[in-house]
Amino acid sequence: MRRLFWLGIGLAVGVVVVRKATRTAHAYTPQGIAGSLAESAGGLMESLRSFVEDVRIGMTEREQEIHEAFARGEAFDDQFAELREDPRIGDRAIFPEEPQR
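This structure is a prediction, so every number in the text was calculated from the model and none was measured.

Undergrad: I'm lost on the overall build of the protein in this one. Help?
TA: For the protein, the helix and strand inventory stands at 4 helices and 0 strands. Ordered by position in the sequence, the α and β elements of the protein form the string α-α-α-α. The 101 residues of the protein split such that 5% are buried. Surface exposure of the protein reaches about 9900 Å², of which carbon and sulfur atoms provide 61%.

This is the structure:
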């Protein structure tokens, strides 16, 4: 009975090791590498779509806030107005020009 138990344990461990080795070997074949790249590219595209969707939602919310402020007669709060009006800074310090070649 003990021998049968250890034989079963040995067979189970052997099956697990062979399956794991087969999966690992398949991962290094051209098909496995192509599949891995496809999954990575799909994940990257999904992340990019999610980011673009979040930006669009944020833009819509901010646009709605601006419209509501104008409807109430409030002025738009321009965060960079002081920088643009300062003659010492101007646009050059914010957006430096690249030297011409």
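Still more ground to cover, so stick around.
Undergrad: Mind showing me how you'd approach the confidence of the model for the protein here?
TA: Close inspection of predicted coordinates is inappropriate for parts of the model with low pLDDT. Taken residue by residue, the protein gives an average pLDDT of 82. The fraction at 70 or more is 74%. Mean pLDDT in the protein bottoms out at helix α4 (residues 90-94), which sits at 54, and peaks at helix α1 (residues 2-27), which reaches 91.

Undergrad: I keep staring at the packing of aromatic side chains and nothing clicks. Help me out?
TA: The way to describe two aromatic rings as a pair is by their centre distance and the angle between their planes. Summed over all chains, the structure comprises 1 aromatic pair. Geometrically, the ring pair formed by Phe5 and Trp6 is edge-to-face, given 5.1 Å between the ring centres and 70° between the ring planes.

Undergrad: Help me understand helix α2 (residues 30-72) in this model?
TA: With 43 residues, α2 should reach 63 Å at 1.5 Å per residue; the first-to-last C-alpha distance of 63 Å fits that figure. Directly after α2, the chain includes Gly73, whose backbone phi takes a positive value near 85°.

Undergrad: I keep staring at the pattern of salt bridges and nothing clicks. Help me out?
TA: Pairing between side chains of opposite charge can happen when the charged atoms of each approach one another. Evaluated as defined, the whole model comprises 1 salt bridge. The salt bridge partner of Arg62 is Glu65, with a shortest N-O separation of 3.1 Å. Of this pair, Arg62 and Glu65 both sit in helix α2, separated by 3 residues, roughly a single helical turn.

Undergrad: Looking at this model, I keep getting lost on a nonpolar patch on the surface. Mind explaining?
TA: Taken together, the side chains of Met45, Leu48, Phe51, Val52, Val55 and Met59 present a nonpolar region at the surface, about 530 Å² in accessible area. Looking at the secondary structure, you find Phe51 in helix α2. According to the relative accessible area criterion, Phe51 is exposed, its value standing at 52%.

Reading the values: rules and limits
Along each chain, numbering runs from 1 in the same order as the chain's sequence is written. Selection of residues for local features in this predicted model requires a pLDDT of at least 70, selection of side-chain atom pairs for listing and counting requires 80 or more, and totals for whole chains, interfaces and linings are taken over all residues. Side-chain metrics in this entry use all non-hydrogen atoms of the structure; hydrogen atoms and water are not considered. Helix and strand labels come from DSSP, where a helix needs a run of H or I of at least four residues and a strand needs a run of E of at least two; each type is numbered from the N terminus. Each residue is assigned to one of three classes by its accessible area relative to the maximum for its type, calculated with a 1.4 Å probe on protein chains only: buried under 20%, partly exposed between the two thresholds, exposed over 50%. Here the Shrake-Rupley method, with its probe set to 1.4 Å, supplies the accessible areas, and only the displayed protein chains count as covering residues. Note on scores: pLDDT gives the predictor's confidence for each residue, bounded by 0 and 100. Two rings from Phe, Tyr or Trp (for Trp, the six-membered ring) form a pair when their centres are within 6.5 Å of each other. A pair whose planes differ by under 30 degrees is stacked, one over 60 is edge-to-face, and the rest are tilted. By this rule, a helix spans an expected 1.5 Å times one less than how many residues it contains. Salt bridges, as used here, are contacts in which a Lys or Arg side-chain nitrogen is within 4 Å of a carboxyl oxygen on Asp or Glu. Residues form patches when they are more than 30% accessible in relative terms and have no salt bridge. Like charges link within 9 Å. Nonpolar side chains (Val, Leu, Ile, Met, Phe, Trp, Tyr) link within 5 Å.

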